[in-house]
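This is what each chain is made of:
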Amino acid sequence: MGLKNSLKSLFGGNKPASPEHSEYEHILKDIMQEAADDDTSYSVAFAKLPSYKKLKAKDSSTKKGFVRYIAEQYIELIKKREKRSLNHAEADKRYICTTLLPVLMRSNLEYNPIEFEDLMNYFIETSSSKRNLIRFADWPIGFAVQQIEKSVKKNGLTPAWKAFIEKFLASSQMQNKDNYWGSDLTKVETKLKKILFDSQNTEGKTLPYTHTDDQFGKLFNAEVLSMEENIRNYIYQLCQQFTKATSGKPSKRFLKSTSDIIDQIGISKYKAIVHPWLEHITKLKEIEKTIKYDHGNGYVYEYTHFEFLHEKSTTFVKGIVWSLAKFHDSTTLHLVAKLAERCFKKIPGVGPAAAGIGNACIYVLGNTKGLEGISHLSRLKLKIKQNNTRKTIIKYIEEASTKLGISSSEIEELSIPNFGLENGEKTIAFDDYHLELSIQELGKVNLIWRKPDGKSQKTTPAFVKNSTKHSQTLKKAKSDIAQIKKYLTAQRDRIDRLYLDNRIWTYESLTKYYLNHGLVSFIAKKLLWQFKKEDTFVTAFYINEQWITENNTPLDWITEETEVRLWHPIYEEVTGVLFWRKKLEELEIKQPLKQAYREVYILTDAEINTKTYSNRMAAHILKQHQFNALTSIRGWKYSLMGAYDDGIDSQTATIQIKAHQLEAQFWINELYADDEFNDAGIWNYVATDQVRFIKDNEVLDLIEVPKLVLSEILRDVDLFVGVCSVGNDPEWRDNGGLPQYRDYWTSYSFGDLTEVAKTRKQILEKLLPRLKISKVSSIDGKFLRVKGTKRTYKIHIGSSNILMEPNDQYLCIVPARGKDKNTSNIFLPFEGDRGLSLVLSKAFLLAEDDKITDKTILSQIQ
């Protein structure tokens, strides 16, 4: 504490103490001396100090006088601090007063209303002084209120206490509690109102609750007031629980208390009340708010920020979500998953909209009976980008897999819902009419109404709209469609990442969880698989209810125990890869993920020479926030680097490859570009460096890394560069970019093709002869050359950026959002290459440059 040599100066020395304060001065001096002698911890354990024990034994009048004394001492020290004349010894005294005051206020000091009001008035008057030397937040008001509770419990609510409470609740300090920085005044307000409420002979009733008036509160308050009195009373009881939901997860006491109250309401009734509230929150948008702080003397501080929910709503809604932990039905779990997705959606400059509520949703989904909650978590794992949340999700999935004695990958397969589909289709009956639902492609599900005679009908039959029962069935069908789209994309992404898991299935498992699964079969039957026969794997594709090999012969030797793996081009000779590409194109099979055309990355001579690292993707400039988001989606872990001085000038993106006990690392460096950081101090751009592999804390030689693992990791890194490089941004240079790095933008935008771009070029070579622009288009090295009516254009196949002949003038075209009608019907062999779509879209546009109406483009090509 540093008080041993300063107590004399603090307590007057030769100057006699004031008679009325001499006893209190002596008590405080002894406490400070003993606290200074105790160096075991930074905080003071007053209960162990002999001087404090003596104080506790004194009469209540002395203790109340001492409380007033240290309050006065504290305020005087605050004044000195404001004048910057507070020395170290006085700072230590202020610390003792600050920590001792709440301790004393916890004990029963037997205040009467007059004494208590006098103390409160002294403090309030001081905090309202012109110089604003002390804020209301500095007073331990939460503990002070306990004095009222103790007195009322012992003596009942006297008229004097009642008058004080009413006056205090109406005070300006309590009316402006939303701007309060100290303990939660809402809790103080609730306690005092409950004292008044309980005194009114309201047996069997609960203190009414009014929520803060934010986007959620407006709906909540209005609906609660319109409820039946008995239901409203139960809701008020739940509100008392919800306002206390401040911890990371619910206590057993919370879960039991809320469960008992919900049982009194009725489970169906409670869901009917709560579900619309949560559905309302999923549709809310963040709003911009302006906050002003008047510091006096004409100084007003003003700032704006985006708010999704008020802080009190975040706590309150978290409690609502926790209360749903007792339910395991599909509707509730679907809603909770939907809410989680909304709450983890980022607000620019803020972060997740409501991470506390989102984590509560993760808790509920991770603690459900059965596997439906795990199914939602499996999908959310691919959507949520926050590393800590993803870690929590993985923990719940692994816990569930441990209980069942299977791997995490297997439990994710077990938990996938099929939505009643068979081969991606199902039919729903509406009396004599039927609604046919069928998956067409990723993100597209068709609905067709069938009349009793079997003919199709475009619109929903009138009797369905007019029937409550049929309307509910149709609503459920549309909800299923939204879920099917989400799950189908999630399963595509999950399967695409299975290569690193080194998965081997039995044919029985493959059939159950993939080929015969109503949802997943849509993906699985469009992929190539390999079946083990003796010591080799035979590649086959599922056609007409049988597996056909390269030799066009069926696999008639497959048994339930036959081992199966997902085909990868690295397993196949070049001739085999080309055969399957041609075969799938002939069948017009559009693979949901890039498999037949998947890029293969093998060691180069340079990487063999460097031995332990690859510089293949080094020295690129990436947009850091985009890179951070993409690494998360692909299962990597990365932390944003900031421009603040934290000593970190490099970072590493990592991914754990558990099947091979490896860690892959992609090194990232700061770019040191002046002022190129956002409002949060995060660098906008970073530079790439080497790729390494670690096993047992040792760096591996690249030649020791399994070929498939090396290829898939380098493919990911190539993807990061290909998507996040500033060279892909057609406006980057013209918008200023980084002047010192414009050479990089030019070299990337029009440089050598990456492996992804080389694959794109191969597809264009096959595709171009079949397109209506074939007569004016040709492949010219790394460009798609298009001859328009005004100029000839060279579209880079990698970046999709454009040069114009004859002088290689740059043409800036910003891609439009949504699908291009010129390219939407072109058959592409796989889903997901937006770069290929951009190249084709620009080619179609420029081939008819005489029809362009966009003034920005016209001004460049004239």
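The structure this text deals with has already been given above.
Residues numbered from 1 in each chain as written. Predicted model: local features only at pLDDT ≥ 70, side-chain atom pairs only at ≥ 80, totals over all residues. Heavy atoms only, no water.

### A word on the pattern of salt bridges
Move 1: Per the stated rule, a full pass over the model turns up 41 salt bridges.
Move 2: Between Glu-607 and Arg-616 there is a salt bridge; the shortest N-O distance is 2.7 Å.
Move 3: Taking the relative accessible area as the measure of exposure, Glu-607 reaches 3% and is therefore buried.
Move 4: The partly exposed category is assigned to Arg-616, whose relative accessible area is 26%.
Move 5: Each of Asp-496, Arg-598, Arg-634, Glu-712 and Asp-716 takes part in one network of salt bridges that share partners. (Salt bridge = Lys/Arg side-chain N within 4 Å of Asp/Glu carboxyl O. Buried < 20%, exposed > 50% of the residue type's maximum accessible area, 1.4 Å probe, protein only.)

### A short note on the packing of helix α12 (residues 229-242) against helix α14 (residues 267-282)
Move 1: Running from amino to carboxyl end, α12 crosses α14 at an angle of 65°, the nearest separation of the two axes being 13 Å. As the angle between them shows, α12 and α14 are arranged roughly perpendicular. Crossing angle aside, the handedness with which α12 passes α14 is right-handed. Each of Ile-231, Ile-235, Leu-238 and Phe-242 in α12 lies in contact with α14, whose residues at this interface are Lys-269, Tyr-270 and Ile-273.
Move 2: Grouping the amino acids of the contact of α12 with α14 by side-chain chemistry returns six nonpolar, no polar and one charged. (Axes fitted to C-alpha atoms, helices over the stretch in contact; angles between N-to-C directions. Helix = DSSP H or I, 4+ residues; strand = E, 2+ residues; numbered from the N terminus. Parallel < 35°, antiparallel > 145°, perpendicular 65-115°, else oblique. Left-handed = near helix turned anticlockwise from the far one by under 90°. Contact = heavy atoms within 4.5 Å. Nonpolar A, V, L, I, M, F, W, Y, C, P; charged D, E, K, R; others polar.)

### Some words on helix α16 (residues 330-343)
Move 1: In this model, α16 (14 residues) spans 20 Å end to end at C-alpha, consistent with the 20 Å of a helix rising 1.5 Å per residue.
Move 2: The buried count for α16 comes to 10 of 14 residues, which makes it a mostly enclosed element.
Move 3: In this structure, the buried side of α16 is in contact with α14, α15 (311-323), β4 (351-352), α17 (355-366), α18 (372-383) and α22 (468-496). (Expected span 1.5 Å × (residues − 1).)

### Digging into the environment of Ala-360
Move 1: Along the chain, Ala-360 falls in helix α17.
Move 2: By relative accessible area, which is 1% here, Ala-360 ends up buried.
Move 3: A sequence separation of 463 residues divides Ala-360 from Thr-823, and the C-alpha atoms of the two residues are 43 Å apart.

### Re a nonpolar patch on the surface
Move 1: On the surface, Tyr-299, Tyr-301 and Tyr-303 cluster together into a nonpolar patch covering about 310 Å² of accessible area.
Move 2: Position of Tyr-299 among the secondary structure elements: in the loop between β1 (287-294) and β2 (300-307). (Patch = residues over 30% accessible without salt bridge, like charges linked within 9 Å, V, L, I, M, F, W, Y side chains within 5 Å. Areas by Shrake-Rupley, 256 points an atom, 1.4 Å probe, with all protein chains shown as cover.)

### What about the environment of Ile-96?
Move 1: Tracing the sequence through the fold places Ile-96 in helix α5 (residues 88-106).
Move 2: Taking C-alpha positions, Ile-96 is 9.6 Å from Ser-43, a pair spaced 53 residues apart along the chain.

### A look at the nonpolar core
Move 1: In terms of nonpolar packing, the biggest core is built from 60 residues, with Ile-235 and Tyr-270 touching the most fellow members.
Move 2: Residues contacting Tyr-270, with those up to four places away along its chain left out, are Leu-238, Phe-242, Ile-262, Ile-265, Ile-320, Ser-323, Leu-324 and Phe-327.
Move 3: Listed in part, the 48 residues of the second largest apolar core include Leu-671, Ala-687, Phe-750 and Tyr-810. (Core = buried A, V, L, I, M, F, W, Y, C linked by side-chain atoms within 4.5 Å.)

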